[in-house]
Amino acid sequence: MLKKMIVFVSLIGFHALAANYGMAGCGLGALVFQDQPGKIQIVAATLNNIVSPQTSAITTGTSNCYEGSRDEVSLRFIENNKTALKDDVARGQGETLDGLMTIWACKEKNSVQMNLKQNYNNIFESNETLSILQNLKSNSEVQKTCQSDSQS
Amino acid sequence: MVLLLILANKFANIRFAEFKLGTKSPIFILVLFLQLCFFSRTFAETEPKESFFEESEANGFLKSSLYYKNKNSFYTTISNREILNIWGKLKANKSFQKRQWEKLLHFERDLILRKRSQVTDTRFFMSSVGYKSPEDEMKETLFSFFWKTDKLNHLYDDFKVEKLQHPICKFPARLKFIKTELNQNEIFKKLPIPDCYYQDLFLRSLNPQSISFVFSSYYANSPGSAFGHTFFRVNKKEKEGRKKQELLDYGISFAANAHTDNPLMYAILGLAGGFNGTYTNVPYYYKVREYNDFESRDLWSYELNLTEDELETLVFHFWEIGPHFFTYYFFSQNCSYQMLTALEAAAPRLSFSERLPVFIIPADSVKVLFTEKDFVKNVEFRPSLLKQFDSRFSLLDQSEKKIFISYVNDQKLPLEYNHLTDERKSMVIDTVLNYADLKDPFGIAKREGPWFAFKETNLLTRARLDFISEELKIPTPEHERPDSSHPSSRVALGSGEEKSSQSKKLFFEFRFALHDLLDSKRGLPKFSQLEFGNFKFSTVGNSIFLDHFSFFKVLQLNPLSELEKKLSWSMEVGTQRFDFCDSRIDCFGHGFKSMFGYAVDLNSFTMWLMPTLEYRYGEYFEKERNHFAYGGQGGLIYSLSDKHRFYLFYEKQCFNASHQVEGNHWEYRFNYQKNISISMISSSQNYQGLFYLYF
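Residues numbered from 1 in each chain as written. Chains lettered and ligands numbered in written order. Predicted model: local features only at pLDDT ≥ 70, side-chain atom pairs only at ≥ 80, totals over all residues. Heavy atoms only, no water.

**Brief notes about the packing of aromatic side chains**
Residue and element names in this part refer to chain B.
Thought 1: For the coordinates displayed, the defined rule picks out 40 aromatic pairs over all chains.
Thought 2: On the numbers, 5.8 Å between centres and 90° between planes, the contact of Tyr302 with Phe370 is edge-to-face. Of this pair, Tyr302 sits in strand β7 (residues 299–304) while Phe370 sits in the loop between α18 (362–369) and β9 (376–382), and the two are 68 residues apart along the sequence.
Thought 3: Phe370 gets classed as partly exposed once you look at its relative accessible area, which sits at 36%.
Thought 4: These aromatic residues form a ring-pair network of at least three members: Phe389, Phe393, Phe404, Tyr407, Tyr435, Trp451 and Phe454.
Thought 5: If you follow Arg174 out to its NZ or CZ, it ends over the ring of Phe171, 3.8 Å from the centre.
Thought 6: Over the face of the ring belonging to Phe231 we find Lys287, whose NZ or CZ atom lies 5.0 Å from the ring centre. (Phe/Tyr/Trp six-rings, centres within 6.5 Å; stacked < 30°, edge-to-face > 60°. Helix = DSSP H or I, 4+ residues; strand = E, 2+ residues; numbered from the N terminus. Buried < 20%, exposed > 50% of the residue type's maximum accessible area, 1.4 Å probe, protein only. Lys NZ or Arg CZ within 6 Å of the ring centre and 35° of its normal.)

See the structure below:
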């Protein structure tokens, strides 16, 4: 009987049963959403090539994820919030953009938002996180009112 | 464990035999189900899995403090006499018997009432018997705090293990507890000062102001997460002039480390404790992107009323348990349970885990927070992508809605769009952006597919429009608050008359979780039914019979709308009685029934029409053991209010193309209170005048 039950259940094929909640480790190699097969790890896997090797030292021995330098934090933030960040920049406002401006301690958020919106096309001409970060950092308003470069 | 299962099975079979249950097989499932659930805690106390200290010399070192007697001048910062002196004080205090110490080590009683730690990782214990002896663990931990830091590397080299941190860095909550127990004894001035780089980084990153208990809402289209999920959010201290930003907070979660992709193995191992569970700490934006955006689930946060001292201990404790394995059980020692035990370790005044049943689902753990007076400070709601879309869509007027629908269907902007002002154009495009995310979150993450291309175009369009969107304000849907829902498990008593024999019958039902379409909708998804472990018994004379057992039943209605033409579906797996056999008593059919079709929702009427497909296997079925059936079901639910609900369905099915089964069922449910309902049921096939009381 049990065998039959097993067959039924496997026939149904609830892939979602394989969901593996909250396993999103952070840091090299572990930066994947294992509970989202094929979804977020696509976003996240690319980060492994970008983030400096020092990050791995930080995560050694734990699966946790900590704040290193400001660049590291911004890179990780942009990489994983890219979809929402693009929405916010195009709309000229939003929580994700606000978050990035907070990481960079921007003083004049309104003028930054406005300026980024006008330059949307240039900032996101490439989908590579590093290039987006560089474009954002070289924006004139960001340079004027934010501290995107210094260490946190 | 297998042996125990078999033994328990034999025992259970004998017990059930007294009830004259005809066949073994459905009972076997039942017994297995109960075993998996009830016995899980017994099995949980398996001894630590990997032997961390492999060398016998190393074992000897840790096991016996004799080692310190000889070598303490070399390995510790204080003398043997001093250390034995403070250990004597702790012993006299019986500090190791205190609830908080046991909670910090995650000791729980198992079914045979032994206290065992639920952590199955030797690295969590300084003593080799620490998993069963709080006293020994306290002693070894105390001694280890005084290890000289410069000897640490040498020490660990001896153990041939990876370089670890000094116990002071590893166990800050234990240190805090022992210090408090000894009233900050002078001797702690002699503690070594190791470089706790990682711990410092962890604490600095979290920088907590408060902790919130977060519930991510039900996700019925994926049974694995259908019950919801719970985790913590560590709310960062707000800096001057900066408003709170959840995206920059941290999320701490407990979850199984599934090592299989096979859904069946996942279910079995999850039930039987085959997985390790660990806590993880990630930036909260991961949680937001995952739950709010990709799965379109609402997030409910309950800010907890912890004292500063408790908050500090909790964060210390997160650090302690962070890298260590627990045994994971789907229904008992799951995310929700471990969230609560972590809270208790930090604040021993709380006693949530004792108020919980053996089984716990996330919604229960949210409700239990409210059993402590004023423990929940604040409830916050974070809307899913779907709610954001709905809200933006509702801001459009009729002509704009038309423009929107035509645009997303043809992907070409209609002429009318050009007549709109920049502001109104922006609102249409804003809605389009959310819609694209909803339609294909997968493609957009992968940056491929038509919806991704469509969205990219619209982002450019939107950026060119000279209008800054207003912040979207979505009011908290109070009626969806998960803490306000009815209890998840249910017992029902009923009576009625069997049609064929006209004999009176009594009915008894038990449901483990979660709710059906007629239950009160407060705090639960409106159009889904999700039942797990549903048993229906009936009596004839002095005997009890199992009529129906449903391992799980999911019914997800997705009413058609102008925008969405999603299928509605249902799946039930279990066993039930049929009348295809000579011997009626044994006439069980095991299998599944599924439906796929369409539903519509007209104010208080929800109707559906769905073809059905059923498979049953019966040992005593006449002629053929395998029965396939196809047919259809038409149903209706009329909600007069949340309290009064009327349910009706008609169904016709062909079994093995030989005989047809036709039937209807109607039911009126009165949900008197959260946990008391009355049902009147009439079913054309079996019973009439059924009267049910649920509580």
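**A look at helix α6 (residues 82–91) of chain A**
Every α-helix carries 3.6 residues per turn, so stepping three or four residues along brings you back to the same face.
Thought 1: With respect to burial, α6(A) is a largely interior element, 9 of its 10 residues being buried.
Thought 2: All of the buried residues along α6(A) are A:Lys82, A:Ala84, A:Leu85, A:Lys86, A:Asp87, A:Asp88, A:Val89, A:Ala90 and A:Arg91.

**A word on the sheet that holds β9(B)**
Residues and elements named next belong to chain B.
Thought 1: Across the sheet, 7 strands lie side by side as β8-β6-β5-β4-β3-β7-β9; this open sheet has antiparallel pairing. Since the sheet does not close on itself, it has two edges, and those belong to β8 (326–328) and β9, each with one partner. For this sheet the average axis-to-axis angle between neighbouring strands, irrespective of direction, equals 30°.
Thought 2: Alignment of strand β5 (residues 250–256) against strand β6 (residues 275–283), held across 7 bridges, turns out to be antiparallel. Counted as the bridge partner of Ile252 is Asn281 from β6. (Pairing = 2+ DSSP bridges. Axes fitted to C-alpha atoms, helices over the stretch in contact; angles between N-to-C directions.)

**As for the packing of α6(A) against helix α21 (residues 422–439) of chain B**
Thought 1: Interaxial distance between α6(A) and α21(B) falls to 11 Å at its minimum, and their mutual angle equals 170°. Taken as axis vectors, α6(A) and α21(B) run roughly antiparallel relative to one another. Residues A:Thr83, A:Asp87 and A:Arg91 of α6(A) form the contact with α21(B), whose own contacting residues are B:Asp430, B:Leu433, B:Asn434 and B:Asp437.
Thought 2: Of the residues in the contact of α6(A) with α21(B), the class split is 1 nonpolar, 2 polar and 4 charged. (Parallel < 35°, antiparallel > 145°, perpendicular 65-115°, else oblique. Contact = heavy atoms within 4.5 Å. Nonpolar A, V, L, I, M, F, W, Y, C, P; charged D, E, K, R; others polar.)

**Quick look at the state of the cysteines**
Thought 1: Under the criterion given, the structure shown has 2 disulfides over all chains.
Thought 2: Residue A:Cys106 pairs covalently with A:Cys146 via a disulfide, S to S 2.0 Å. Between A:Cys106 and A:Cys146 the sulfur-sulfur dihedral comes to about 110°; the bridge is accordingly right-handed. Highlighted residues: A:Cys106 in the loop between α7 (95–103) and α8 (109–118) and A:Cys146 in the segment after α11 (140–145), separated in sequence by 40 residues. Comparing A:Cys106 with A:Cys146, the two get one shared label, buried.
Thought 3: Here B:Cys169 connects covalently by a disulfide to B:Cys196, the sulfurs 2.1 Å from one another. Taking the sign of the torsion about the S-S bond as the criterion, the disulfide between B:Cys169 and B:Cys196, at about -75°, is left-handed. (Disulfide = S-S within 2.5 Å.)

**Quick notes on a nonpolar patch on the surface**
Residue and element names in this part refer to chain B.
Thought 1: A contiguous nonpolar surface patch, about 670 Å² in accessible area, is contributed by Leu560, Leu567, Phe596, Tyr598, Val600, Leu602, Phe605 and Met607.
Thought 2: Of all the secondary structure elements, the ones that give two or more residues to the nonpolar patch are β15 (588–602) and β16 (605–617).
Thought 3: Among the elements that make up the nonpolar patch, the one with the highest residue count is β15 (4 residues).
Thought 4: In this fold, Met607 is placed in strand β16.
Thought 5: The exposure class assigned to Met607 is partly exposed, which follows from its relative accessible area of 30%. (Patch = residues over 30% accessible without salt bridge, like charges linked within 9 Å, V, L, I, M, F, W, Y side chains within 5 Å. Areas by Shrake-Rupley, 256 points an atom, 1.4 Å probe, with all protein chains shown as cover. Salt bridge = Lys/Arg side-chain N within 4 Å of Asp/Glu carboxyl O.)

**Quick notes on the pattern of salt bridges**
Thought 1: The full count for this structure, using the stated rule, is 49 salt bridges over all chains.
Thought 2: Through salt bridges with shared partners, a single ionic network connects B:Arg490, B:Glu509, B:Arg511, B:Asp516, B:Asp519, B:Glu531, B:Glu667 and B:Arg669.

The values reported here are purely geometric and, on their own, carry no functional implication.
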